[in-house]
Amino acid sequence: MESKLDGVVEEEETRKVQFDASEIEYVSYGGEHHLPLIMNLVDQELSEPYSIFTYRYFVYLWPQLSFLAFHRGKCVGTVVCKMGEHRGTFRGYIAMLVVIKPYRGEGIASELVTRSIKVMMESGCDEVTLEAEVTNKGALALYGRLGFIRAKRLFHYYLNGVDAFRLKLLFPRMESHPSLPLMANAADNQRDNDGL
Amino acid sequence: MDPKMDSGMICKYYSVDEAIENGAAPIPLSFDRTVDVQCTIDIMDHLLSCEATWHRGHSLAQTVFSCIYLLRPDRTSSHALLHSYCSVIRATCKAVIAVVSDARTHEEEDLFIMAYGLPLTGDGDDKCLSMLNAVEETICRQLRACKSPLLKNRAPEDVEPLQNSFDLEEHYCRALLCRLRFRKHFYHVLTCMRRPQGRGLELARKHIASCLLELDLIRNSSTFLSNNSFGKDDSEDTTTASGRQPLGFDSSLNCRLSAPTPPRAIKLLSWKKALDYFVKLLRDLDNICSYSLDTFLEGVFRFVVQFQKSQPDLVARSLLQFLLVQDGKLYGRDPLYAVITKAAGLPESAKNHENLKNQYIVQLGQLVINLLRVLCTNSAWQRRKLGKILQDWRVIYMQMEMAFKKDIAEIVSISNGENAWMKIFQHILIWVEEQTYWISSRFLVLGFELELYSPSDYCMVYWYLSVVLIKLVEKIHLRALMNNETGKRKGKKKGASKDIGKDFRIPPAVSFLQCQVCLAEGLVMMLAALRNEHMIAQSPSPFNSEYERFFQHFELLQKACIPDNITYDSYEQSTRLARISNLVTYNCFKDAQKIAKELKSSFSNDPEKLVELRRIEQVAEHNSVALNLIHKVGGLDPSLKISFEFNHHPYFGTALVKRS
């Protein structure tokens, strides 16, 4: 169960829509009526093929981890995740993240995925993982800003033959690093670290 | 249907027989003999594309065995040319699968060897070379005949022309000959390289040279073949020299056989790219065959690391692994305990010590074999495995150290024989530590090659690398001193030397590493100072801190206590106070430059090391200049943008200073 996360690539500026960030409405997965919206977006934008059973597996078992972004009633982005035990750790997993091209570059993907990660953290996850194509600079930069590291490179991971990075975000363990404050809003005024 | 959702199950025919009944793979390919030859060449070319695509990671069933002629070995027997070609293709695939599955390099690449239900062995495939030779001989005669009409007149019944058009005869003969000869030599290359103890390497090189020659001829034949082709496709993606679609292929046929095909249609490499692939493969194989079977383990490691720099594909890597490890011995020749004693710098006599059969040495030999295998895998897999085996090296070190201490305590009155064993043991202990640090440094360096580090990680990675390299330097130095001491003692017996270690000089290998340490330390301090003075971008994560990133990057090293007592706090403390002004006064880059310059003469016979020294010098020089520039204008110019590039060295970054 993996996905090319090219939903956050910001290269193709096709018919860019002008909008204010406050116009975007974020909604937690609310039931079967949201499913066609999610499927439509993912099928459009990601490289891996998924069947309806795959979508149902995620949104039925972990509805609290899926979010949708709407602009004036139109669904423009979504995130689909899961969490569970993995080799002795409780691990969150980001399966799909998509924002349609005209809405990219405005922080919608960051907001969507941040919401999911927060729920994972509150649910007691130790870490969050996902895979991204090594060529997907947009996704890599986004997750880099959120504190993910590239833990592994997976050789010929995707069906299209491209390698993947396994990205990992480790949450602080209070007992191991008690002095650490949770810096939820500290990032706002800092310069972007992509350029280094 | 959305092509992503194509499960690959939609096929034109339900079985091979149905395809054949419908005329998908006629024999002869045409009753017009010229067309028959043209079509045969197309099949040969398309098979080459299929073969290269298979080597690059697709299934055999979807590539080479999409050829209906290959799937029914008996059917082609009436067509000597096609039959011999199909036969050598099957034999070659079988040989290549044997190499890869024996080598066990295929952990992530296991699709390669899956061939259940495919007719890998046709009746008579074992005689494929004699069949090929016979066909080659016939075409040679046809070529001679068309070149000298006199000869043709003399014995017309003997030499029937290849096809109908006299003007084209020579070209078609030649186009076929190079294709047949390539197959023959390639099969020989595989057989020679599989001979035990590297005995066939020299002969393999000759066949490799012939293969490359034939590949050139094959490439050149495309002008003639495409000029005499109708219904061709001129695109770059074409899988034949003529540009035509070949007869007799259907990649969807096997989806109902037991051989697995991924649930998606694949794109084959073009014919030109397939030729390029084989040229690269043969060059990599030539590189292996020209290797001198170094008896020093350090030299073996160095060769493998160097070999991997050209990013060889699975087949070449498997053949290298086969050469290195056979029957649990190095090259199938040198027992591991002997290899280890030699690597640890012990004298020849040490390898006859009976204690070398003890469990630790046997285990250590197993670790060395495992390490050699891991070094032959693709870099992504290699790095993960190196990280994991560090634990094993650490554990065996600790076990050996404990055993050593116990033995020392037990043997109060050391007899001469036991004393000698203690010496051997001590040497090996230090050698084990040295290897552990070498593996660690390789693990860290591979992270750059695989692009696992983001710019905000560079500082901690260089810091860890420098810590590991310092330890490695220590161990190499210590071992050199011990060897020197042993040597001197021996000398002393003969009355040659008076003072142990007095005239001991730092070995060039140590200085070489010191040079890298200086460069790494320079980068750590530069990056830390830039961070501390807010001159490079930092964006703290909303969910965790640098501590978590440090822990994740170095978890495997930390778990194996490599090195002891190294924590995030040590990193934090050693970089906290770095400032640009201090760095200008004490400039590590200058030290690196100085050592590199001095070292060149020590490595005048080692072009590989010289290249590395030159690169180190370049990085050091650039960074030194950058540091001065930043010091002069940095504080005054807030628009200064500093980034790091890898244009001079694969893992030591060069600072790039720009005004934004």
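Residues numbered from 1 in each chain as written. Chains lettered and ligands numbered in written order. Predicted model: local features only at pLDDT ≥ 70, side-chain atom pairs only at ≥ 80, totals over all residues. Heavy atoms only, no water.

S.K.: I keep staring at the overall build of chain B and nothing clicks. Help me out?
M.R.: Within chain B, the secondary structure is distributed over 23 helices and four strands. Oriented by its inertia axes, the alpha-carbon framework of chain B measures out at about 90 × 70 × 50 Å. With 660 residues in all, chain B has 55% of them scored as buried. In chain B, 77% of the contacts between residues at least 6 apart in sequence involve partners at least 24 apart. Once the 81 positive and 76 negative side-chain charges of chain B are each reduced to a mean point, those two points are 5 Å apart. (Helix = DSSP H or I, 4+ residues; strand = E, 2+ residues; numbered from the N terminus. Buried < 20%, exposed > 50% of the residue type's maximum accessible area, 1.4 Å probe, protein only. Contact = heavy atoms within 4.5 Å. Lys, Arg positive; Asp, Glu negative; His and termini not counted. Charge placed at Lys NZ, Arg CZ, Asp CG, Glu CD.)

S.K.: Please clarify how the environment of Ser22 of chain A should be interpreted in this entry.
M.R.: Residues and elements named next belong to chain A. Mapped onto the elements of the fold, Ser22 is located in the segment before β1 (24–28). The exposure class of Ser22 is exposed, given its relative accessible area of 62%. Separated by 49 residues in sequence, Ser22 and His71 place their C-alpha atoms 9.6 Å apart. Looking at Ser22, its side chain comes within polar contact range of the side chain of Asp20, at 2.6 Å. (Polar contact = N/O pair within 3.5 Å; in protein donor to acceptor, adjacent residues only side chain to side chain.)

S.K.: Looking at this structure, I do not really get the interface of chain A and chain B. What am I missing?
M.R.: By a widely used convention, the size of an interface equals the accessible area lost when the partners come together. In this complex, chain A contributes 45 residues to the contact, which on the side of chain B involves 41 residues. Approximately 4,000 Å² of surface area, both sides summed, lies buried where chain A meets chain B, with 59% of it carried by carbon and sulfur atoms. At the surface where chain A touches chain B, the tally comes to one salt bridge. With a closest N to O distance of 3.6 Å, Arg153 of chain A and Glu451 of chain B form a salt bridge. For the pair chain A and chain B, the interface holds seven residue pairs in polar contact (both at pLDDT 80 or more). Among the elements that take part in the side of chain A that touches chain B, strand β6 (residues 149–154) of chain A stands out by supplying six residues, more than any other. Counted by class, the side of chain A that touches chain B contains 23 nonpolar, 11 polar and 11 charged residues. (Buried area = accessible area lost by both parts, 1.4 Å probe. Salt bridge = Lys/Arg side-chain N within 4 Å of Asp/Glu carboxyl O. Nonpolar A, V, L, I, M, F, W, Y, C, P; charged D, E, K, R; others polar.)

S.K.: I keep staring at the domain arrangement of chain B and nothing clicks. Help me out?
M.R.: Residues and elements named next belong to chain B. Examined at the domain level, chain B breaks down into domain 1 (16–151 + 158–259 + 268–287), domain 2 (292–452) and domain 3 (477–486 + 506–659). Summarising the inter-unit geometry, the C-alpha centres of domain 1 and domain 2 are found 42 Å apart. Of the residues lining the interface, 26 residues belong to domain 1; the matching set on domain 2 comes to 26 residues. Summed over both partners, the interface of domain 1 with domain 2 buries about 2,300 Å², with 61% contributed by carbon and sulfur atoms. (Domains from an automatic or database assignment.)

S.K.: Help me understand the sheet that holds β6 of chain A, please; the structure alone is not making it clear to me.
M.R.: Picture the strands of a sheet paired through backbone hydrogen bonds; they go either parallel or antiparallel. Residues and elements named next belong to chain A. In space, the seven strands of this open sheet follow the order β1-β2-β3-β4-β5-β7-β6, with mixed pairing throughout. At either end of the open sheet lies a strand with only one pairing partner, and these are β1 and β6. Pairwise comparison of adjacent strand axes, ignoring direction, gives a mean angle of 25 degrees for this sheet. With seven bridges joining them, strand β5 (residues 127–133) and strand β7 (residues 164–170) adopt antiparallel strand pairing. (Pairing = 2+ DSSP bridges. Axes fitted to C-alpha atoms, helices over the stretch in contact; angles between N-to-C directions.)

S.K.: Would you explain the UniProt feature "domain: N-acetyltransferase" (unreviewed entry) in chain A in this entry?
M.R.: The positions that UniProt labels "domain: N-acetyltransferase" (unreviewed entry) are, in the present scheme, residues 22–172 of chain A. When the span residues 22–172 of chain A is considered, its composition is 30% helix and 36% strand, and the gap between its end C-alpha atoms is 31 Å. (UniProt positions renumbered as here; feature names shortened; annotations may be inferred.)

S.K.: Quick question: what am I supposed to make of the pattern of salt bridges here?
M.R.: Side-chain pairs of opposite charge can arise whenever the charged atoms involved come near each other. Residues and elements named next belong to chain A. One pass over the full model with this rule turns up 39 salt bridges over all chains. A salt bridge links Asp163 to Arg153; its shortest N-O distance comes to 3.0 Å. Note that Asp163 is positioned in the loop between β6 and β7 and Arg153 in strand β6, a separation of 10 residues in sequence. Of the residues examined, Arg153 reaches a relative accessible area of 13% and is grouped as buried.

S.K.: How do you make sense of the confidence of the model for chain B when you look at a structure like this?
M.R.: Interpretation of this model should avoid reading the predicted coordinates in detail wherever pLDDT is low. Residue and element names in this part refer to chain B. Considering every residue of chain B, the mean pLDDT works out to 89; 92% of them sit at 70 or more. Helix α9 (residues 271–289) holds the highest mean pLDDT among the elements of chain B, 98, whereas helix α6 (residues 149–154) holds the lowest, 56. Segment residues 492–501 is flagged for pLDDT under 50; beyond a separation of four residues in sequence, or across chains, it makes 11 contacts in the model. Across the predicted assembly, pTM comes out at 0.89 and ipTM at 0.85. (pLDDT = per-residue confidence, 0-100.)

S.K.: How should I be thinking about the state of the cysteines in this particular structure?
M.R.: All names here are of chain B. The tally for this structure, following the rule as stated, stands at zero disulfides over all chains. Cys173 provides the cysteine sulfur closest to Cys140, a residue in no disulfide bond, and the two sulfurs are 8.7 Å apart. The thiol of Cys459 is not disulfide-bonded; the next cysteine sulfur, from Cys588, is found 12 Å away. (Disulfide = S-S within 2.5 Å.)

S.K.: What is the right way to read the packing of helix α2 (residues 33–55) of chain B against helix α4 (residues 80–103) of chain B from this model?
M.R.: Residues and elements named next belong to chain B. Where α2 contacts α4, the two axes come as close as 11 Å, and the packing angle between them is 5 degrees. With respect to their mutual orientation, α2 and α4 come out roughly parallel. Taken together, the residues of α4 that come into contact with α2 (itself represented by Thr40, Ile43, Met44, Leu47, Glu51, Trp54 and His55) are Leu81, Leu82, Tyr85, Ile89, Thr92, Cys93, Val96 and Ile97. Considering only residue class, the contact of α2 with α4 consists of 11 nonpolar, three polar and one charged. (Parallel < 35°, antiparallel > 145°, perpendicular 65-115°, else oblique.)

S.K.: Looking at this structure, I do not really get the pairing of β7 of chain A. What am I missing?
M.R.: On any regular strand, side chains alternate: one points to one face of the sheet, the next to the other face. Counting buried positions over the seven residues of β7 of chain A gives seven, a clear majority of the element. Neither face of β7 of chain A is left uncovered, since the one carrying Ala164, Arg166, Lys168 and Leu170 of chain A and the one carrying Phe165, Leu167 and Leu169 of chain A both have all their residues buried.

S.K.: Sorry, what's going on with the packing of helix α17 (residues 508–532) of chain B against helix α20 (residues 568–576) of chain B here?
M.R.: When two helices pack together, their arrangement is given by the angle between their axes and by how far apart the axes lie. All names here are of chain B. At a closest axis distance of 9 Å, the pairing of α17 and α20 adopts a crossing angle of 75 degrees. Regarding the angle of α17 to α20, the classification is roughly perpendicular. Judged by residue contacts, Val524, Met525, Ala528, Arg531 and Asn532 of α17 engage Tyr571, Ser574, Thr575 and Arg576 from α20. Here the residues of the contact of α17 with α20 are counted per class, giving four nonpolar, three polar and two charged.

S.K.: Sorry if this is basic, but what is going on with the side chain of Thr78 of chain A here?
M.R.: Residue and element names in this part refer to chain A. Among the structural elements, Thr78 can be located in strand β3 (residues 74–86). A residue is classified by how much of its surface remains accessible, and Thr78, at 0% relative accessible area, is buried. Within the local environment of Thr78, its side chain forms a polar contact with the backbone oxygen of Phe67, the two atoms lying 3.0 Å apart. Not counting the four nearest positions on each side in its chain, Thr78 is found in contact with Ile38, Leu41, Val42, Phe67, Leu68, Met96, Leu97, Val98 and Leu112.

S.K.: Just to check I follow, could you spell out the confidence of the model for chain A for this structure?
M.R.: Residue and element names in this part refer to chain A. For chain A, mean pLDDT is 84; residues scoring 70 or higher make up 81% of the total. Low pLDDT (under 50) marks residues 1–13, which in the prediction has 56 contacts with non-local residues, meaning those over four places away or in another chain. In this model, residues 178–196 is a region of pLDDT below 50 whose contacts with residues beyond four sequence positions or in other chains number 37 contacts.

S.K.: Help me understand the side chain of Ser441 of chain B in this model?
M.R.: Residue and element names in this part refer to chain B. One can find Ser441 in helix α15 (residues 416–449). Owing to a relative accessible area of 9%, Ser441 belongs among the buried residues under this scheme. Of note is the side chain of Ser441, whose polar atom sits 2.8 Å from the backbone oxygen of Trp438. If we skip the residues at most four places from it in the chain, Ser441 touches Leu465, Val468, Leu469 and Leu472.

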